[in-house]
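Breakdown of the fold
Chain residues, written in single-letter form:
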Amino acid sequence: MKFAIRTALLAGLMMPMMGAAVSADDADPNDVIKYRQGIMEVVGGHTGAFFAILQGKVPHQDALAYHAQALADAATHALAAFEQNTAGQGSEEHTAKDEIWSEWEDFAKKMKDFETASAALAEAAASGDMAQIGPAAGPLGGSCKACHDDFRTK
Ligand code: HEC
């Protein structure tokens, strides 16, 4: 009982320190834009690193599976990062088209394709078998392009 009360008190003290958690759809649009760009930069960073190793531009073969897995992990959070509709809102520069929210099903499908491709790449990379890794890399690159072509302004 005592423990429960103390826990409740502690939680009461901690909440303001952490900042009240905003719920979905009412976060500041600029924060939403920066957050989703952060996720995409992680995606871009690991993809770039993965291909630089795969193409032999840099060594670090031992990091290949790491980059593929980190990419696959980030992919599972990408769709949620776009859930809040920021069309016409915020002052942050961005390249997200308004169609993301008017054609959400198509956008979500393309994100799902990316998630599937990155999961397959992570599995292939974990095997360390180059005969599997190469063929899994193509669909991944294609999944980025399919979405960027339709849903980015550049
Ligand atoms: C389903 C759609 C979709 C998929 C799949 C997707 N992206 Fe994106 N990406 C976007 C959108 C939309 C933006 C623009 C976000 C913004 O400016 O708010 C973006 C932005 C980016 C950015 C720029 C981030 C910034 O700071 O402005 C990079 C880099 C990027 N994506 C890389 C990738 C790579 C690499 C892949 C594939 C491995 C990928 N994306 C897959 C939709 C997608």
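Presented here is a report on the structure given in the accompanying data block. (Residues numbered from 1 in each chain as written. Predicted model: local features only at pLDDT ≥ 70, side-chain atom pairs only at ≥ 80, totals over all residues. Heavy atoms only, no water.)

This part covers the coordination of the iron atom of the ligand. Every protein donor of the iron atom of the ligand is listed here as Met 40 (SD) and His 148 (NE2), and their distances to the metal cover 2.1 to 2.7 Å. Coordination at the iron atom of the ligand is octahedral: its 6 donor atoms span angles of 85 to 180° at the metal. With Met 40 in helix α2 (residues 29–54) and His 148 in helix α6 (residues 130–151), this residue pair connects regions lying 108 residues apart in the sequence. Residue His 148 is classed as partly exposed on the basis of its relative accessible area of 30%. (Donors = N, O, S within 2.8 Å, 3.2 Å for Na, K, Ca; no water. Tetrahedral: all angles 85-135°; square planar, octahedral: opposite > 155°, others 65-115°. Helix = DSSP H or I, 4+ residues; strand = E, 2+ residues; numbered from the N terminus. Buried < 20%, exposed > 50% of the residue type's maximum accessible area, 1.4 Å probe, protein only.)

Moving on, we get to the environment of Asn 85. Along the chain, Asn 85 turns up in the loop between α3 (64–81) and α4 (99–102). For Asn 85, a relative accessible area of 37% translates into the label partly exposed. Separated by 13 residues in sequence, Asn 85 and Asp 98 place their C-alpha atoms 8.4 Å apart. Within the local environment of Asn 85, its side chain forms a polar contact with the backbone nitrogen of Ala 87, the two atoms lying 2.8 Å apart. (Polar contact = N/O pair within 3.5 Å; in protein donor to acceptor, adjacent residues only side chain to side chain.)

Another aspect to go through is the packing of α3 against helix α5 (residues 104–127). Orientation of α3 relative to α5, taken along the N-to-C sense of each, is 160°, at an axis distance of 8 Å. Our classification of the angle between α3 and α5 gives roughly antiparallel. For α3 against α5, the interelement crossing comes out left-handed. Contacts from Leu 64, Ala 65, Ala 68, Gln 69, Leu 71, Ala 72, Ala 75, Thr 76, Ala 78 and Leu 79 in α3 reach Trp 104, Phe 107, Ala 108, Met 111, Phe 114, Glu 115, Ser 118, Ala 119, Leu 121, Ala 122, Ala 125 and Ala 126 in α5. (Axes fitted to C-alpha atoms, helices over the stretch in contact; angles between N-to-C directions. Parallel < 35°, antiparallel > 145°, perpendicular 65-115°, else oblique. Left-handed = near helix turned anticlockwise from the far one by under 90°. Contact = heavy atoms within 4.5 Å.)

Moving on: the site of the ligand. Taken together, 22 residues lie around the ligand, and Arg 36, Glu 41, Cys 144, Cys 147 and His 148 are the ones closest in. One of the side-chain N or O atoms of Glu 41 is found 2.5 Å from an oxygen atom in the ligand. At the level of elements, α2, α5 and α6 are the ones that each hand at least two residues to the shell around the ligand. By residue number, the principal contributor to the shell around the ligand is α2, which donates 7 residues. The residue makeup of the shell around the ligand, split by class, is 11 nonpolar, 7 polar and 4 charged. (Near = heavy atom within 4 Å. Nonpolar A, V, L, I, M, F, W, Y, C, P; charged D, E, K, R; others polar.)

With respect to the helices and strands, the residue Ala 96 is situated in the loop between α3 and α4. Each residue touching Ala 96, except ones within four places of it in the same chain, is listed here: Arg 36, Trp 101 and Phe 151.

This brings us to unusual backbone geometry. Unlike most non-glycine residues, His 60 shows phi in positive territory, near 60°. Locating His 60 in the fold gives a position in the loop between α2 and α3.

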